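# Summary of the model geometry
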Amino acid sequence: MKKIATFILSIIMACSVHAQENYKTLTKEDSVKVYRGTINYEVKKYEDSFKNKKPKNIILMIGDGMGTAQVFAGLTANGGHLFLENFKHAGFSKTQSASNYITDSAAGGTALSSGYKTYNGAIGVDADTVSHPTILELAEEDGLSTGLVSTSAITHATPASFIAHQSSRNMYEEIAADFLKTDIDVFVGGGYKHFTERKDGRNLVEELEAKNYTVLKDIDQIENFTEGKLVGLTAPEHNGRAPERNGLLPKATEKVIDLLSQNHKGFFLMVEGSQIDWGGHQNNTTYITEEMLDFDQSIGKALEFAANNKETLIIVTADHETGGFAINGGDIENKIVEGGFATGHHTAVMVPVFAFGPGAVNFTGILDNTEIANRMMKLLDLK
């Protein structure tokens, strides 16, 4: 396993090319092309030890659009270290959908949530539009607590694919209504308007409150919540970029883990760093790097819990890579990343898979994205 992890890290390290340009002499800031370090956080080392071979809890963390170059951009920008370095089991995931060589987030998310390939744009249904239960729904049925956290609208493709079943990712109001068909314990993300400003006239916030959910809009209020079923709808649509979010993703990750872990039977949680993808679509190096750092700090919150709990498996992966992102130059000491791009869209390359905790050995080597779902379900005895 150490050889595989070393191989993955060597691929990531290969993305770094020593800059020939003296960045300190640049007179004009070009933050779209070049990230200059403004963030610094301590990366702790955690021992990957556990009580049993199988986990009681699983935290799946999806860096939307995150390839190996995105990971190394974050590593460079934090002076050479990420919380991801604690993950000693690593591999790659093939991301192709049932309809396309290059997947989208809906098909990619559905593969990771249900173990079924589907066409681009589909949410929680297979290529014949047949619904299949997701790992979140199966965990609910088995008495585990469940949760979703996202920096996008909670009705967006990736989080939606864990809880909704619709033929199109653009059916936001229908996806929001699907949340009412479940007993999910906690979800935090944007998308408030999809629950209240609806064509059918329903006010889903009132319906959620009638089902004993507390609905909050502010991360400070969410942090102070201590017990019960929680909905955090933190923006009318999508949340802003990382510097504007007041630490929403790491704070929400920590709080949701705290709430879900009150169930002694166990829990399943999906956390999405949504906007790594958006930085790739915009061909914006700074956007990608800031989002990668924010996502890694969220990973740090999950790691702190898992290392102490010793019954929690964390899997970090992506639904696809975005932008054909490359690192054309940089400087670890000065936290500088110079990026380049092959496209403004998704690409077909494999994406990394990292695992920590009981069962981590099952997520090494080259996997199909559907295998990640299937192996998580098996480890939780859901199939």
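Bear in mind that the values here come from a model prediction, so they are computed numbers and not experimental data.

The next subject is the sheet that holds strand β14 (residues 351-356). Taken in spatial order, the ten strands of this open sheet run β6-β7-β5-β4-β8-β2-β9-β14-β3-β15, and their pairing is mixed. Whereas interior strands pair on both sides, the edge strands pair on one side only; in this sheet they are β6 (213-216) and β15 (365-368). The average undirected angle you get between the axes of adjacent strands in this sheet is 15 degrees. Relative to β14, strand β3 (residues 89-94) runs antiparallel, the two sharing five bridges. Note on β14: the bridge partner recorded for His 89 is Ala 355. Along the sheet, helix α13 (residues 369-379) contacts β2 (57-63), β3, β8 (267-273), β9 (312-317), β14 and β15; its crossing angle with β15, the most-contacted strand, is approximately 95 degrees.

With that settled, the discussion passes to the packing of aromatic side chains. Ring pairs (aromatic) are described by centroid distance and by the angle formed between their planes. Within the structure shown, the criterion is met by nine aromatic pairs. Taking 5.9 Å as the distance between ring centres and 10 degrees as the angle between the ring planes, the aromatic pair formed by Tyr 41 and Phe 83 counts as stacked. A residue pair is termed long-range when its members are at least 10 positions apart, and Tyr 41 in the loop between β1 (34-36) and β2 and Phe 83 in the loop between α2 (68-77) and β3 qualify at 42 residues. For Phe 83, a relative accessible area of 8% translates into the label buried. Ring plane angle 50 degrees and centroid distance 6.0 Å describe the contact between Phe 267 and Phe 305, whose orientation is recorded as tilted. Here Phe 267 is found in strand β8, whereas its partner Phe 305 is found in helix α12 (residues 285-309), with 38 residues between them in sequence. For Phe 267, a relative accessible area of 0% corresponds to the buried category. Aromatic rings pair up to connect Phe 87, Phe 354 and Phe 356 into one cluster. Sitting above the plane of the Tyr 192 ring, Lys 217 keeps its charged end 3.7 Å from the centroid. The ring of Tyr 287 carries the charged tip of Arg 241 above its face, separated from the ring centre by 4.0 Å.

Applying the stated criterion across every chain yields a total of 16 salt bridges. For the salt bridge of Lys 255 with Asp 258, the shortest nitrogen-to-oxygen distance reads 3.7 Å. Remark: Asp 258 and Lys 255 occur in helix α10 (residues 248-260); sequence separation between them is three residues, near one turn of the helix. Owing to a relative accessible area of 11%, Lys 255 belongs among the buried residues under this scheme. For Asp 258, a relative accessible area of 37% corresponds to the partly exposed category. The structure contains a network of salt bridges with shared partners spanning Arg 245, Glu 291 and Asp 294.

Two elements in contact, α10 and α12, have axes whose closest approach is 8 Å; the angle formed by their N-to-C orientations is 20 degrees. Taken together, α10 and α12 sit at an angle that is classed as roughly parallel. The handedness of the crossing between α10 and α12 is right-handed. Where α10 approaches α12, its residues Leu 249, Pro 250, Thr 253, Glu 254 and Ile 257 are matched on the opposing element by Asp 294, Phe 295, Gln 297, Ser 298, Lys 301, Ala 302 and Phe 305. Grouping the amino acids of the contact of α10 with α12 by side-chain chemistry returns six nonpolar, three polar and three charged.

Once that is clear, we can look at the pairing of β8. β8 sits mainly inside the fold: seven of its seven residues count as buried. Of the two faces of β8, the one lined by Phe 267, Leu 269, Val 271 and Gly 273 and the one lined by Phe 268, Met 270 and Glu 272 are each fully buried. Pairing geometry for β2 and β8, over six bridges, is parallel. Each bridged residue has a counterpart across the sheet, and for Leu 60 the counterpart in β8 is Met 270. Across six bridges, strand β4 (residues 145-153) lies against β8 in parallel orientation. Paired with Thr 146 across the two strands is Phe 268, which belongs to β8.

What follows deals with the sheet that holds strand β12 (residues 336-340). In spatial order, the strands read β1-β12-β11; together these three strands make up an open sheet with antiparallel pairing. Lying at the two open borders of the sheet, with one neighbouring strand each, are β1 and β11 (326-331). Within the sheet, the average angular offset between the axes of one strand and its neighbour, ignoring direction, is 20 degrees. For β11 and β12, the ladder comprises five bridges, and the chain directions are antiparallel. Within β12, the position partnered with Gly 329 by the bridge is Glu 338. Strands in contact with α2 are β1, β11 and β12; relative to β11, the strand with the most contacts, it is inclined by about 10 degrees. Where α12 meets the sheet, it contacts β1 and β12, and its direction lies at approximately 45 degrees from that of β1.

Time to look at helix α3 (residues 105-114). In terms of residue burial, α3 counts as a mostly covered element, since ten of its ten residues are buried. Inspection of α3 places Ser 105, Ala 106, Ala 107, Gly 108, Gly 109, Thr 110, Ala 111, Leu 112, Ser 113 and Ser 114 among the buried residues, and these make up the whole buried set. For α3, the elements touching its buried residues are β2, α4 (135-141), α5 (157-160), β9, β13 (346-347) and α13. Remark: Gly 115 follows α3 within two positions and exhibits a positive phi of approximately 85 degrees.

Here is what the cut-offs are and how they apply
Position numbers for residues count from 1 along each chain, tracking the sequence in the order it is written. Thresholds applied to this predicted model are a pLDDT of at least 70 for local features of residues and 80 or more for the giving and counting of side-chain atom pairs; totals over whole chains, interfaces and linings are not thresholded and use all residues. Only heavy atoms go into the side-chain values, all of them from the structure, while hydrogens and water stay out. Paired strands are those between which DSSP finds at least two bridges. Numbering goes from the N terminus for both helices and strands, where a helix is a DSSP run of H or I of at least four residues and a strand is a run of E of at least two. Fitted lines through C-alpha atoms serve as axes, helices being fitted only where they are in contact, and the angles separating the N-to-C directions of these axes extend from 0 to 180 degrees. Every residue pair with non-hydrogen atoms within 4.5 Å of one another is taken to be in contact. Pairing of aromatic side chains here covers Phe, Tyr and the six-membered ring of Trp, requires ring centres within 6.5 Å, and sorts the geometry by plane angle: under 30 degrees stacked, over 60 edge-to-face, intermediate tilted. Only protein chains enter the area calculation, which uses a 1.4 Å probe; residues under 20% of their type maximum are buried, those over 50% are exposed, and those in between are partly exposed. We call a charge positioned above a ring when the Lys NZ or Arg CZ atom is no farther than 6 Å from the ring centre and deviates by at most 35 degrees from the ring normal. Between Lys or Arg on one side and Asp or Glu on the other, a salt bridge is scored when a side-chain nitrogen of the former is within 4 Å of a carboxyl oxygen of the latter. Should an angle fall under 35 degrees it is taken as roughly parallel, and over 145 as roughly antiparallel, whereas 65 to 115 is taken as roughly perpendicular and any remaining angle as oblique. Crossings are sorted by hand: turned counterclockwise from the far helix by less than a right angle, the near helix makes the crossing left-handed, and turned clockwise it makes it right-handed. In this classification, Asp, Glu, Lys and Arg are treated as charged, Ala, Val, Leu, Ile, Met, Phe, Trp, Tyr, Cys and Pro as nonpolar, and every other residue, Gly included, as polar.

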